[in-house]
Amino acid sequence: MQGSRFWATPEFLAGITSGLLLSIAGAPSPVGFLAYGALVPVLLVLFHPRQLREARPLRLKLLILSFGLSHHLSELYWLLQLDPAATMKYRWLFLPMGLALLALYMTVFDGIVFWLSARLRRRYHEQAIWWFPIIWVVVEWLEGSGELGFPWMRLAMTQLHYLPVLQLAGIFGELGISWLVAVTNVLIALTWLSLRGEFPRLGRAVLYRWWALVALLLLYGVTLVYGTHTMQALETPVGPGEGLRVGVIQGNVSLMDKFDPARRDSTFIPFTRLSEEAADDGARLVVWPETAVPLDVLRAPRYLMRLQELVESKKIYLLTGFPEREVESDGSLLRYNSSLLMDDAGAVRARYRKMHLLPFGERMPFQRIFPFLGKLDFGQAEWDPGPERTIFEVDGYRFANLICFESIFSGPSRDAVRKGAEILVNMSNDGWFGNTLGPYQHGLMGVMRSAENRVPTVRCSNNGICFFVLASGRVVDQTRLQERTYIVRTLHPSATSSPYTRWGELPLALFLLFQAITLAFVSRRPH
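Given the structure is predicted, the values throughout are model-derived calculations rather than measurements.

A.B. asks: Residue-level account of the overall build of the protein, with values.
C.D. replies: For the protein, the helix and strand inventory stands at 18 helices and twelve strands. Looking at the protein residue by residue over its 527 residues, the buried ones come to 57%. Residue pairs at least 24 apart in sequence account for 72% of intrachain contacts in the protein once pairs closer than 6 positions are excluded. Accessible surface computed for the protein: about 22800 Å², of which carbon and sulfur atoms make up 61%.

A.B. asks: Explain the packing of aromatic side chains to me, and be specific about the residues and the numbers.
C.D. replies: Under the definition given, this model contains 16 aromatic pairs. Judged by centre distance (4.7 Å) and plane angle (55°), the rings of Trp 78 and Phe 433 are tilted. Linking Trp 78 in the loop between α5 (60-75) and α6 (91-124) with Phe 433 in the loop between β8 (423-428) and α15 (438-445), this pair joins segments that are 355 residues apart in sequence. On the basis of relative accessibility, which here comes to 2%, the residue Trp 78 falls in the buried class.

A.B. asks: Help me get a handle on the side chain of Thr 436, residues and values and all.
C.D. replies: Turning to its location among the elements, Thr 436 is positioned in the loop between β8 and α15. There is a polar contact of 2.9 Å between the side chain of Thr 436 and the backbone oxygen of Phe 433. Within the structure, the side chain of Thr 436 is placed 3.1 Å from the backbone nitrogen of Gly 438, a separation counted as a polar contact.

A.B. asks: Describe the pattern of salt bridges, with residues and values.
C.D. replies: Considering all chains together, one arrives at 20 salt bridges under this definition. A salt bridge links Glu 452 to Arg 449; the shortest N-O distance between them is 3.0 Å. On the criterion of helical spacing, the pair formed by Glu 452 and Arg 449 is a turn pair, its members being three residues apart in helix α16 (residues 447-453). Look at Arg 449 and you get buried, because its relative accessible area is 1%. Several salt bridges share partner residues, and in doing so they unite Arg 154, Glu 174, Arg 449 and Glu 452 into one network.

A.B. asks: Tell me what's going on with the pairing of strand β5 (residues 348-353), and back it up with residues and numbers.
C.D. replies: With five bridges connecting them, strand β4 (residues 333-342) and β5 associate as antiparallel partners. Among the inter-strand pairings, Ser 339 is bridged to a residue of β5, identified as Tyr 352.

A.B. asks: Got a sec to walk through the sheet that holds strand β3 (residues 317-327)? Specific residues and values, please.
C.D. replies: Across the sheet, which stays open at both edges, the six strands sit in the order β5-β4-β3-β2-β1-β12 with mixed pairing between neighbours. Only two strands of the sheet have a single partner each, and these edge strands are β5 and β12 (485-491). Neighbour to neighbour, the strand axes of the sheet diverge by 30° on average, direction disregarded. As paired elements, β3 and β4 share ten bridges and run antiparallel to each other. Each residue of the ladder has a partner; that of Arg 325, found in β4, is Arg 335. Contacts between helix α13 (residues 301-314) and the sheet are confined to β3 and β4, with β4 contributing the most and set at about 15° to the helix.

A.B. asks: Break down the side chain of Asp 430 for me, citing the residues and quoting the values.
C.D. replies: By the secondary structure assignment, Asp 430 is in the loop between β8 and α15. Looking at Asp 430, its side chain comes within polar contact range of the side chain of Ser 428, at 2.8 Å. Other than its neighbours up to four places away in sequence, Asp 430 contacts Pro 439, His 442, Arg 459, Ser 461 and Gly 464.

A.B. asks: Tell me what's going on with the sheet that holds strand β10 (residues 467-469), and back it up with residues and numbers.
C.D. replies: Note: strands within a sheet are paired through backbone hydrogen bonds, in either parallel or antiparallel orientation. Pairing is mixed across the open sheet formed by six strands, whose spatial order is β6-β7-β8-β9-β10-β11. At either end of the open sheet lies a strand with only one pairing partner, and these are β6 (391-394) and β11 (475-476). Sheet topology note: the β10/β11 ladder contains two bridges and is antiparallel. In the sheet register, Phe 468 faces β11, and the bridge partner there is Val 476. The strands that α15 touches are β8, β9 (457-461), β10 and β11; relative to β9, the one it contacts most, it runs at about 155°.

A.B. asks: So what about empty space enclosed by the protein? Which residues, and what values?
C.D. replies: The final tally for this structure, using the stated rule, is one cavity of 30 Å³ or more. There is about 210 Å³ of room inside the largest cavity. Breaking the lining of the largest cavity down by element, the ones donating at least two residues are α5, α6 and α7 (132-143). Partitioning the lining of the largest cavity into residue classes produces ten nonpolar, four polar and five charged.

A.B. asks: Requested: an account of the nonpolar core, with residues and values cited.
C.D. replies: Of all hydrophobic cores here, the largest spans 88 residues; its most connected members are Phe 114, Phe 132 and Trp 152. With 13 residues, the top contributor of residues to this core is helix α9 (residues 169-195). Among residues more than four places away in sequence, those in contact with Trp 152 are Glu 75, Leu 76, Trp 78, Met 106, Ile 408, Gly 438, Gln 441, His 442 and Met 445.

A.B. asks: Requested: an account of the layout of surface pockets, with residues and values cited.
C.D. replies: Approximately 430 Å³ is the volume attributed to the second largest pocket. Around the second largest pocket sit 17 residues that line it, and Trp 130, Trp 179, Val 183, Trp 211 and Gln 515 are the ones nearest its centre. Where the lining of the second largest pocket is concerned, the elements lending two or more residues are α9, α10 (211-234) and α18 (506-522). Of all the elements, α18 adds the most residues to the lining of the second largest pocket, at six residues. Split into classes, the residues belonging to the lining of the second largest pocket amount to 15 nonpolar, two polar and no charged.

A.B. asks: Please set out helix α3 (residues 40-47) residue by residue, giving values where relevant.
C.D. replies: Across the eight residues of α3, seven count as buried, placing the element largely inside the fold. Burial in α3 covers these residues: Val 40, Val 42, Leu 43, Leu 44, Val 45, Leu 46 and Phe 47.

A.B. asks: Which residues make up unusual backbone geometry, and what are the values?
C.D. replies: With an omega dihedral of 5°, the bond running from Ala 27 to Pro 28 counts as a cis peptide bond. Here Pro 28 shows up in the loop between α1 (10-25) and α2 (35-38). The peptide bond linking Gly 464 to Ile 465 adopts the cis configuration, its omega dihedral lying at 0°. When you line up the elements, Ile 465 lands in the loop between β9 and β10.

A.B. asks: Outline α18, listing residues and values.
C.D. replies: If you check α18, its first and last C-alpha atoms are 24 Å apart, about what 17 residues at 1.5 Å a residue would give, namely 24 Å. Considering only its buried residues, α18 is in contact with α7, α9 and α17 (499-503).

A.B. asks: Explain the confidence of the model for the protein residue by residue, including any values.
C.D. replies: Low-confidence regions, as indicated by low pLDDT, have predicted coordinates that should not be scrutinised in detail. Counting all residues, the mean pLDDT for the protein is 88, and 89% of those residues have values of 70 or more. Averaged over each element, pLDDT in the protein is lowest for helix α4 (residues 49-53) (71) and highest for strand β2 (residues 285-287) (98). The low-confidence segment residues 203-207, where pLDDT is below 50, has ten contacts with residues more than four positions distant or belonging to other chains.

Definitions and limits used
Residues numbered from 1 in each chain as written. Predicted model: local features only at pLDDT ≥ 70, side-chain atom pairs only at ≥ 80, totals over all residues. Heavy atoms only, no water. Helix = DSSP H or I, 4+ residues; strand = E, 2+ residues; numbered from the N terminus. Buried < 20%, exposed > 50% of the residue type's maximum accessible area, 1.4 Å probe, protein only. Contact = heavy atoms within 4.5 Å. Areas by Shrake-Rupley, 256 points an atom, 1.4 Å probe, with all protein chains shown as cover. Phe/Tyr/Trp six-rings, centres within 6.5 Å; stacked < 30°, edge-to-face > 60°. Polar contact = N/O pair within 3.5 Å; in protein donor to acceptor, adjacent residues only side chain to side chain. Salt bridge = Lys/Arg side-chain N within 4 Å of Asp/Glu carboxyl O. Pairing = 2+ DSSP bridges. Axes fitted to C-alpha atoms, helices over the stretch in contact; angles between N-to-C directions. 1 Å grid on protein atoms, 1.4 Å probe; cavity = no way out; pocket = protein on both sides within 12 Å on 5 of 7 lines; lining within 4 Å. Points joined across faces, edges and corners; volume = space filled by probe spheres on them. Nonpolar A, V, L, I, M, F, W, Y, C, P; charged D, E, K, R; others polar. Core = buried A, V, L, I, M, F, W, Y, C linked by side-chain atoms within 4.5 Å. Expected span 1.5 Å × (residues − 1). pLDDT = per-residue confidence, 0-100.

Structure (structure tokens):
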């Protein structure tokens, strides 16, 4: 490093600082405001006018690796504590290796952001800082796309506790909030530079000393006024309906017992008893978690009868996850991660088969192109993807089921609401993650789906966490990890759909395009 130790370089120190600050600010942390300045250290390394004037070399690889690895390893450390019941061979090898590979994979996208920023600074010098929020959002979109899409804990997830800010998701989606946080970092960095008399020029106009601070205050002033008004409107029940009373069952069944045929009653007994208590508390729809019934209940009359006895005796509807099998006409066996809705007369009304499967955990990716990948065994479940999304209905209220991993994506939820779902139900089995931040990170990402589509969400997980989300994105009645309990609440569907539900990412894409065109015209290359 040209005579200097790498750990003492500005790139390494900035990368480590920004990466760790972002991890600390992420959900479920109550200090999400740290994200507003978390990226400032790397922005100053990339775009500081004095460094550019003096033509100091940029150690780009060091900046990328120090930021990406410090951020993603600290954010996903809990993968090392995956429950021993997980069906994984050589876990002592694959867990550390899997964490390292996943962190490196996510760091690639950070590298794209910083590499593009470095390329633009060659052209526009310090003025290139204005492009940073656009680049960040576009790369976040890429990270969540395709068969390996993994939009885990985006920048927007630092804002879950700030409900007025969260309302922007109803217009621009989750990525719109990521843009807001990214541009806030830019404005704070520019305010710092202005205090030191080094504010960069944009085009031929000199940006005055306090311009960035004023812009920041105006941006958040408008956001808070709009968000507060929208939040209050969404949390005021409208319409003549009494709402749907939903019970969520957190059975806290040991994963070691759950899939042991000799211990199946360890699942059915606690879930049945808690369901009866929820029904006595007024629940009309009772929700069990992903694979709460640990066998194909449609092919097991004895256990199907137990479910029927429950719903008939308590006059409830039951939504539960279960592993489903289907034999094709050619004799091939298809396996689905499914859910079914049973009505109060014991009839199965509808089923849903999970469509978006977890790569490597539930299915090896790219099997359509390379079928032999399905024969590799790393302990993955090897489910088959379902064909279509199901809209369930109870007493005139329509809802859709998102199973586990599907809740971290905007697309499945938006698709369900566009097809008529008034409530989203996310069932999962996060017991694999133990008593770590994993279940909180996973569960709370589903909160964004309510904020985007302005519909209530029901979250149900075997070992926790379970909760309800109002249409505004407010989390209520949250359970603790690894407790055996139930929660009941009456949910009222929202009266109107959100702009994001109607138009998706189009408003944000047009806004970013307008911003990019404007920057291309007003920015100028230094002579």
